[in-house]
Amino acid sequence: MIAMNLLNKKIPWYILYYGFAYHLPETRGNGIIGKLSGFLRYQCVRHIIKSCGTHVNIHRHAFFGKGQDIELGSYSDMGLDCHLPNDIKIGDYVMMAPGCFVLPQHTHDISDLTTPMNQQGRVWKPGRTVIGNDVWIGREVMITGGGHSIGNHSVIGARAVVSKSIPDWAIAAGNPIRIIRYRNQSQK
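Residues numbered from 1 in each chain as written. Predicted model: local features only at pLDDT ≥ 70, side-chain atom pairs only at ≥ 80, totals over all residues. Heavy atoms only, no water.

With that settled, consider the sheet that holds strand β16 (residues 170-173). Read across the sheet, seven strands follow the order β2-β4-β6-β11-β14-β16-β17 without closing on themselves; strand pairing throughout is mixed. At either end of the open sheet lies a strand with only one pairing partner, and these are β2 (57-58) and β17 (178-182). As defined by bridge partners, strand β14 (residues 155-156) adjoins β16 across two bridges and the pair is classed as parallel. Along β16, the bridge assignment pairs Val155 with Ile171. (Pairing = 2+ DSSP bridges. Helix = DSSP H or I, 4+ residues; strand = E, 2+ residues; numbered from the N terminus.)

What follows is the structure, given as structure tokens:
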């Protein structure tokens, strides 16, 4: 009953976001219209997701499904065309470039060789995706589901596929992802 009441309170915000604000012009480079678009998207999102910090920038076509158990920190940026699953935690001062895609914790079950894959249902991976504070995620990065974390102060290069946890201060890129160096260590 409580869950239904909560959902009913969110429905107008879903309609306003996905029916209208989602399609408004981009925040940057569009003057007052862009600022108003970003403000409206932020107001909708903060009423839908579990928690939303201050000074958050939600770009055009950012998708977060039902927003269930999504936590978004202050001064963070959800880039143009980004997709977030339910049950993700994003820290403060996180920059997500356009086209980032975080996969959900479930995937297709393919274990039964006698049953077609599309009839086997889903398998849930344990854990929650967590993105630390002060993280820069490059353009079109894909983060696979299943409890991976991206450490504080890290940088993920464009088009990387994050399939494992990344430690604090790491600069990582590629497919499969690998650590290139650490930001807090001097370069020689």
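Next comes the rest of the write-up.
Turning to helix α2 (residues 31-48), a few remarks are in order. With 18 residues, α2 ought to run about 26 Å at 1.5 Å a step, and its terminal C-alpha atoms sit 26 Å apart, in line with that. Three or more residues of α2 are buried, namely Gly34, Ser37, Gly38, Arg41, Tyr42, Gln43, Cys44, Val45 and Ile48. (Expected span 1.5 Å × (residues − 1). Buried < 20%, exposed > 50% of the residue type's maximum accessible area, 1.4 Å probe, protein only.)

Our focus in this paragraph is the environment of Leu80. Within the secondary structure layout, Leu80 lies in the loop between β4 (77-78) and β5 (88-90). Since its relative accessible area comes to 27%, Leu80 is described here as partly exposed. Discounting chain neighbours no more than four positions away, the residues touching Leu80 are Glu26, His59, Arg60, Pro98 and Gly99. (Contact = heavy atoms within 4.5 Å.)

Here we come to the sheet that holds strand β7 (residues 101-102). Pairing in this open sheet of three strands is parallel, and the strands run β7-β12-β15 from one edge to the other. Looking at the sheet topology across the chains shown, the edges are occupied by β7 and β15 (161-162). Two elements, β7 and strand β12 (residues 142-143), share two bridges in a ladder whose sense is parallel. In the strand pairing of β12, Phe101 is matched with Met142.

Moving on to the pattern of salt bridges. For the coordinates displayed, the defined rule picks out six salt bridges. Notably, a salt bridge pairs Glu71 with Lys50, separated by 4.0 Å at the nearest N-O pair. Note that Glu71 is positioned in strand β3 (residues 70-72) and Lys50 in the loop between α2 and β1 (51-52), a separation of 21 residues in sequence. The class for Glu71 is buried, based on a relative accessible area of 17%. Glu140 is the salt-bridge partner of Arg159, the closest N and O atoms lying 2.5 Å from each other. On the criterion of sequence distance, the pair formed by Arg159 in the loop between β14 and β15 and Glu140 in the loop between β11 (136-137) and β12 is long-range, its members being 19 residues apart. Given a relative accessible area of 60%, Arg159 falls into the exposed group. Among the charged side chains, a network of salt bridges with common partners joins Lys50, Glu71, Asp87 and Arg128. (Salt bridge = Lys/Arg side-chain N within 4 Å of Asp/Glu carboxyl O.)

What follows concerns unusual backbone geometry. Residues Asn175 and Pro176 are joined by a peptide bond in cis, for which omega reads 5°. Assignment of secondary structure puts Pro176 in the loop between β16 and β17. A positive phi angle, near 65°, is found at His153, a position not held by glycine. Position of His153 relative to the elements: it lies in the loop between β13 (149-150) and β14. Overall, the relative accessible area of 24% leaves His153 in the partly exposed class.

You can see Arg178 is positioned in strand β17. Residues Arg178 and Ala160 lie 18 residues apart in sequence; the distance between their C-alpha atoms is 9.1 Å. Arg178 has contacts with Ile171, Ala172 and Ala173, leaving out every residue within four places of it along the chain.

Once that is clear, we can look at the packing of aromatic side chains. As enumerated under the stated definition, the model contains seven aromatic pairs in all. Between Tyr17 and Tyr22, the ring centres sit 6.0 Å apart and the planes meet at 75°, which makes this aromatic pair edge-to-face. Using a relative accessible area of 17% as the deciding quantity, one classes Tyr22 as buried. Seen from their ring centres, Tyr18 and Phe64 are 5.6 Å apart, and the 40° between their planes marks the pair as tilted. Note that Tyr18 is positioned in helix α1 (residues 2-19) and Phe64 in the loop between β2 and β3, a separation of 46 residues in sequence. Relative accessible area serves as the criterion here: at 2%, Phe64 is assigned to the buried category. Three or more aromatic residues link up through ring pairs in this structure, and these residues are Tyr17, Tyr18, Tyr22, Phe63 and Phe64. (Phe/Tyr/Trp six-rings, centres within 6.5 Å; stacked < 30°, edge-to-face > 60°.)

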